[in-house]
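These are the residues of each chain, in order.
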Amino acid sequence: MSRSDAGHGSVKTYSIGFGLSLALTLLAYFIASHNLSGGWTLIYVLAVLAIIQLFVQLVFFLHLGRESKPRWNLTAAAFAAMVVLILVFGSLWIMKNLNYGHEQPVDQSPQQIIQDEGIQPSSNY
């Protein structure tokens, strides 16, 4: 492989990456559609398969590990992971707090809401 082709894969590596990605996708589909596991076990299994597929994509298609300065790619990947985590957990947190407002009975008085929230009324009034 010449220096100009250092960042590109061959047909063999792309085929291996495609085969692995296809196999992981079909495995996840098979596990979910045939109810081989349920509940949290299913979620954990699908998450592990997704993480494995992430690394297959990074290695075979984005050629992570073949560059001259891998530290920059690691920094960019860590930053991207942090942004994704903030988006996912931030969205879940916001949705949980939005759902709290819908759990209150319609006929609940403002005084009951203040008491439930633990808000101390100020003595300025």
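Bear in mind that the values here come from a model prediction, so they are computed numbers and not experimental data.

Q: I'd like to hear about the overall build of the protein, residue by residue, with values.
A: A tally of helices and strands in the protein yields four helices and zero strands. Starting at the N terminus and walking to the C terminus, you meet the elements of the protein as α-α-α-α. Residues classed as buried in the protein amount to 12% of the 125 residues present. Sequence separation of 24 or more characterises 61% of the internal contacts of the protein that already satisfy a separation of 6 or more. With an accessible surface of roughly 10,500 Å², the protein has 69% of that area assigned to carbon and sulfur atoms.

Q: Any chance you could break down the nonpolar core for me, citing the residues and the numbers?
A: Burial of nonpolar side chains together is a common tendency in soluble globular proteins. Counting seven residues, the largest nonpolar core consists of L24, A28, I31, L42, L49, V56 and F60. Contributions of two or more residues to this core are made by α1 (11-33) and α2 (39-60). Looking at this core, the element that brings in the most residues is α2, giving four residues. Those residues in contact with I31, other than ones at most four positions away along the chain, are L36, S37, L42, V45 and L49.

Q: Before we move on, can you summarise a nonpolar patch on the surface with the specific residues and values?
A: The grouping of V84, L85, V88, F89, L92 and M95 at the surface amounts to a nonpolar patch, some 590 Å² of accessible area in total. Structurally, the position occupied by V84 is in helix α3 (residues 70-103). Of the residues examined, V84 reaches a relative accessible area of 47% and is grouped as partly exposed.

Q: I'd love a proper account of the packing of aromatic side chains, names of residues and values included.
A: Counted by the stated rule, this structure contains two aromatic pairs. Relative to F61, the ring of Y14 lies with its centre 6.1 Å away and its plane at 15°, an arrangement referred to as stacked. Of this pair, Y14 sits in helix α1 while F61 sits in the loop between α2 and α3, and the two are 47 residues apart along the sequence. Overall, F61 belongs to the partly exposed group, its relative accessible area being 27%.

Conventions and cut-offs
- Residues numbered from 1 in each chain as written.
- Predicted model: local features only at pLDDT ≥ 70, side-chain atom pairs only at ≥ 80, totals over all residues.
- Heavy atoms only, no water.
- Helix = DSSP H or I, 4+ residues; strand = E, 2+ residues; numbered from the N terminus.
- Buried < 20%, exposed > 50% of the residue type's maximum accessible area, 1.4 Å probe, protein only.
- Contact = heavy atoms within 4.5 Å.
- Areas by Shrake-Rupley, 256 points an atom, 1.4 Å probe, with all protein chains shown as cover.
- Core = buried A, V, L, I, M, F, W, Y, C linked by side-chain atoms within 4.5 Å.
- Patch = residues over 30% accessible without salt bridge, like charges linked within 9 Å, V, L, I, M, F, W, Y side chains within 5 Å.
- Salt bridge = Lys/Arg side-chain N within 4 Å of Asp/Glu carboxyl O.
- Phe/Tyr/Trp six-rings, centres within 6.5 Å; stacked < 30°, edge-to-face > 60°.

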